[in-house]
Amino acid sequence: AFDPDKLNVAINGVWVCRNGSVGDDRDLVDMSPREVHIVADLAAGTRTATVRTNDLTADYVHENSAYSS
């Protein structure tokens, strides 16, 4: 069972949430790399999942709007 008081979240290696509460200073997170890695540890078992997604920034939408359908 999920217990929100055991949740841990890291963004690019900085644990911003520890045991369901405030973790390390979020200003320490480096968001400049092309890839951002987020780890959500639910402390509810040993299974893992990987989700890959992309950021639909204005530049991305503009670039892809040039294609004709």
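Residues numbered from 1 in each chain as written. Predicted model: local features only at pLDDT ≥ 70, side-chain atom pairs only at ≥ 80, totals over all residues. Heavy atoms only, no water.

Another point: the nonpolar core. In globular proteins that are soluble, nonpolar side chains generally tend to be buried together. By size, the foremost hydrophobic cluster in this structure holds five residues: Val-9, Val-14, Val-16, Cys-17 and Val-29. Top contributing element to this core by residue count: strand 2 (residues 14–18), with three residues. When neighbours within four sequence positions are excluded, Val-29 is seen to be in contact with Ile-11, Val-14 and Val-16. (Core = buried A, V, L, I, M, F, W, Y, C linked by side-chain atoms within 4.5 Å. Buried < 20%, exposed > 50% of the residue type's maximum accessible area, 1.4 Å probe, protein only. Helix = DSSP H or I, 4+ residues; strand = E, 2+ residues; numbered from the N terminus. Contact = heavy atoms within 4.5 Å.)

Quick look at the pairing of strand 1 (residues 8–11) now. Strand direction decides the pairing type here: strand 1 and strand 4 (residues 38–41), joined by four bridges, are antiparallel. Note that in strand 4 the partner of Val-9 across the bridge is Ala-40. Two strands pair when backbone bridges link them, and strand 1 and strand 2 are joined in this way by three bridges, in the antiparallel orientation. For Ala-10, the partnering residue across the bridge sits in strand 2 and is Trp-15. Hairpin connection from strand 1 to strand 2: two residues lie between these consecutive antiparallel strands, with Asn-12 at a positive phi of about 50°. (Pairing = 2+ DSSP bridges.)

Before going further, it helps to examine the environment of Val-39. Residue placement: Val-39 occurs in strand 4. The spatial distance from the C-alpha of Val-39 to the C-alpha of Asp-5 is 16 Å, given a sequence separation of 34 residues. If we skip the residues at most four places from it in the chain, Val-39 touches Asn-8, Val-9, Ala-10 and Trp-15.

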